[in-house]
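Chain by chain, the residues:
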Amino acid sequence: MAVLKVKFTKTKRDKLAQILWILNWVSVVSGVVLFGLGLFLKIEIKKRNEVMAKGDVNSVPNMLISVGVIACIINFLGGKICYDCSDANKFSRWKLVMLPYIVCTFCFTFSILVGALMCYTMRNELEESLYLGLRDAIKFYKDTDIPGRCFLKRTVDMLQIGFRCCGNNGFRDWFEIQWVSARYLNMASKEVVDRLKSNVDGKFLVDGVPFSCCNPSSPRPCIQYQLTNNSAHYNYDFLTEELNIWMKGCREALLDYYTAIMRSIGIAALVIWLFELSVLIGVRYLQTAMKNVLLLGDLEGESDGWLLENSFVETAKYNINIIKNLGKANQISTVSGMNDPNIDVQNTNCGKNNITTKSIPSSS
């Protein structure tokens, strides 16, 4: 029994073909939108690739860009097919192409759904990439004279100012690394020498943060050095007073920023997927209705259209059997007493029991 069978008159078939022709052109625009969203996300990620570790963070934008390009091609072809389907004579040229086209479009539509879901599952990969990238960027913050790292200080400072953040997980990350270049340390100072000797690795560690961590909205002048030393500042207690530096870590700030972008892109991709799915259903109805018109031979009469010719269970069993039997027709059983089920060969008795032999008359 056909699934969701609908009866179409010639007028309904013509209207369906015209509507699908318009919707396919709208789908071309949706493909451009997908392409644009993927390109936008790729550019946003590339802007801050210096604070990201190399990984699969570009998999989502690359997929959206690919799907967008394919959408434009498939829907352009679909528009041409639906336009010709208003004429039964023109439909005959697309008759053999329609079913493969529908199958390919279904796979493509599924890819849009996968891309939309990937926007929501990318957070973990992005978080790891940001953690490793920011850790290395902060580590090399002081290397302003080393090629390949000389711009990291500016990058980190602009990042902390722009996203109102400090450090990787928080401002205390700066306490664990030497972020002041040795070029600017006064080695004649006893305080500097003692601080270098007090550290096992010989690093100049301070309980301070770069200026870019300062919150300009704070009424108090920025305290960026000796943050944990209450006696170094008047009327100051770092445990109870709200510090005038950014408290949020840059990893969290960037993750929130990219998560908001990907959530919006994911919603847009889901809407496009629903739209593409509705167009695909309409094309399937048009294909089956036009096919049945040609079978009936009455181009002006009514015809049935459906999503599946048989039930879901029967269709699944049929396709599974096709997959199982793929290639069996070219196989020859080598086991004695077993016949290939795909080869219907008549058994021929080649024995000598029932063969009548004629004797050759001897010459007298």
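Quantities reported herein were computed from a predicted structural model and do not represent experimental measurements. (Residues numbered from 1 in each chain as written. Predicted model: local features only at pLDDT ≥ 70, side-chain atom pairs only at ≥ 80, totals over all residues. Heavy atoms only, no water.)

Asks: I'd like to hear about the nonpolar core, residue by residue, with values.
Replies: Among the nonpolar cores identified, the biggest contains 79 residues, and Trp174 and Val209 are the most heavily contacted of them. Mapped by element, the contributors of at least two residues to this core are helix H1 (10-47), helix H2 (59-84), helix H3 (88-121), helix H4 (123-139), helix H5 (152-162), helix H6 (190-197) and helix H7 (250-296). When residues in this core are grouped by element, the largest group, 18 residues, is from H7. When residues of this core are assigned to domains, at least three fall in each of domain 1 (3-139 + 252-309) and domain 2 (171-247). (Core = buried A, V, L, I, M, F, W, Y, C linked by side-chain atoms within 4.5 Å. Buried < 20%, exposed > 50% of the residue type's maximum accessible area, 1.4 Å probe, protein only. Helix = DSSP H or I, 4+ residues; strand = E, 2+ residues; numbered from the N terminus. Domains from an automatic or database assignment.)

Asks: Tell me what's going on with the UniProt feature "transmembrane region" (unreviewed entry) in the chain, and back it up with residues and numbers.
Replies: On the UniProt side, "transmembrane region" (unreviewed entry) is annotated at positions that read residues 20-40, 60-78, 98-120 and 265-286 here. End C-alpha atoms of residues 60-78 are separated by 26 Å, and the span's content is 100% helix alongside 0% strand. Helix makes up 100% of residues 265-286 and strand 0%, with an end-to-end C-alpha separation of 31 Å. (UniProt positions renumbered as here; feature names shortened; annotations may be inferred.)

Asks: Run through the packing of H1 against H7, naming residues and quoting values.
Replies: The packing of two helices is summarised by the inter-axis angle and the distance between the axes. At their nearest, the axes of H1 and H7 sit 9 Å apart, and the two run at 155° to each other. Put simply, H1 runs roughly antiparallel to H7. The handedness of the crossing between H1 and H7 is left-handed. Residues that form the contact of H1 with H7 fall into these classes: 27 nonpolar, four polar and three charged. (Axes fitted to C-alpha atoms, helices over the stretch in contact; angles between N-to-C directions. Parallel < 35°, antiparallel > 145°, perpendicular 65-115°, else oblique. Left-handed = near helix turned anticlockwise from the far one by under 90°. Nonpolar A, V, L, I, M, F, W, Y, C, P; charged D, E, K, R; others polar.)

Asks: Break down the side chain of threonine 288 for me, with residues and values.
Replies: Within the secondary structure, threonine 288 sits in helix H7. With relative accessibility at 4%, the residue threonine 288 sits in the buried group. Apart from the residues lying within four places of it in its own chain, the contact partners of threonine 288 are Asp304, Gly305 and Trp306. (Contact = heavy atoms within 4.5 Å.)

Asks: Residue-level account of the environment of leucine 77, with values.
Replies: Mapped onto the elements of the fold, leucine 77 is located in helix H2. Judged by relative accessible area, leucine 77 falls into the partly exposed class, the value being 34%. Here the alpha-carbon distance between leucine 77 and valine 28, two residues 49 residues apart in the chain, equals 9.9 Å. Setting aside chain neighbours within four positions, we find leucine 77 in contact with Trp94 and Tyr101.

Asks: So, H4: which residues are in play, and what are the values?
Replies: Between its terminal C-alpha atoms H4 stretches 24 Å, which fits the 24 Å expected from 17 residues at 1.5 Å a residue. Taken together, the buried positions of H4 are occupied by Leu126, Ser129, Leu130, Gly133, Leu134, Ala137 and Ile138. The buried residues of H4 occupy an angular sector of 145° when projected down its axis, which confines them to one face. Facing away from the buried side of H4 by over 90 degrees, the exposed positions are Asn124 and Glu128. In this fold, the buried residues of H4 make contact with H5 and H7. (Expected span 1.5 Å × (residues − 1). Arc of directions from axis to C-beta.)

Asks: Before we move on, can you summarise the side chain of arginine 48 with the specific residues and values?
Replies: The topology assignment puts arginine 48 in the loop between H1 and H2. Residue classification places arginine 48 among the buried residues on the basis of a relative accessible area of 18%. Ignoring any residue separated from it by four or fewer positions in sequence, one finds arginine 48 in contact with Leu159, Phe163, Leu254, Tyr257 and Tyr258.

Asks: Now, about the state of the cysteines: what can you tell me, with residues and values included?
Replies: Disulfide: a covalent bond connecting the sulfur atoms of a pair of cysteines. Applying the stated criterion across every chain, the model contains three disulfides. A sulfur-sulfur separation of 2.1 Å characterises the disulfide bridge that pairs cysteine 166 with cysteine 213. A torsion of 85° about the S-S bond marks the disulfide between cysteine 166 and cysteine 213 as right-handed. Separated by 47 residues along the polypeptide, cysteine 166 in the loop between H5 and H6 and cysteine 213 in the loop between H6 and H7 bring together distant segments of the chain. There is a disulfide in this structure between cysteine 214 and cysteine 222, and the S-S distance comes to 1.9 Å. Torsion about the S-S bond of the cysteine 214 and cysteine 222 cystine: about -75°, corresponding to left-handed handedness. By relative accessible area, cysteine 214 is classed as buried at 16%. Look at the chain and number its bonded cysteines as they come in the sequence; the links are 1-6, 2-3, 4-5. (Disulfide = S-S within 2.5 Å.)

Asks: Could you give me a rundown of a nonpolar patch on the surface, with the residues and numbers involved?
Replies: A contiguous nonpolar surface patch, about 610 Å² in accessible area, is contributed by Trp21, Ile22, Trp25, Val26, Phe76 and Tyr83. If you list the elements that add at least two residues to the nonpolar patch, you get H1 and H2. You can call valine 26 partly exposed: its relative accessible area is 39%. (Patch = residues over 30% accessible without salt bridge, like charges linked within 9 Å, V, L, I, M, F, W, Y side chains within 5 Å. Areas by Shrake-Rupley, 256 points an atom, 1.4 Å probe, with all protein chains shown as cover. Salt bridge = Lys/Arg side-chain N within 4 Å of Asp/Glu carboxyl O.)

Asks: Quick one: what's the story with the environment of valine 271, residue by residue and with numbers?
Replies: In this fold, valine 271 is placed in helix H7. You can call valine 271 exposed: its relative accessible area is 52%.

Asks: Hey, could you go over the pattern of salt bridges for me, with residue numbers and the actual values?
Replies: Oppositely charged side chains can form a pair if their charged atoms are brought close together. Scanning the model with the defined rule gives eleven salt bridges in all. Between aspartate 194 and lysine 190 there is a salt bridge, with its nearest N and O atoms 2.7 Å apart. Of the two residues, aspartate 194 and lysine 190 both sit in helix H6, four residues apart, roughly one turn of that helix. Taken together, the salt bridges that share partners define one network made up of Glu44, Lys47 and Arg48.

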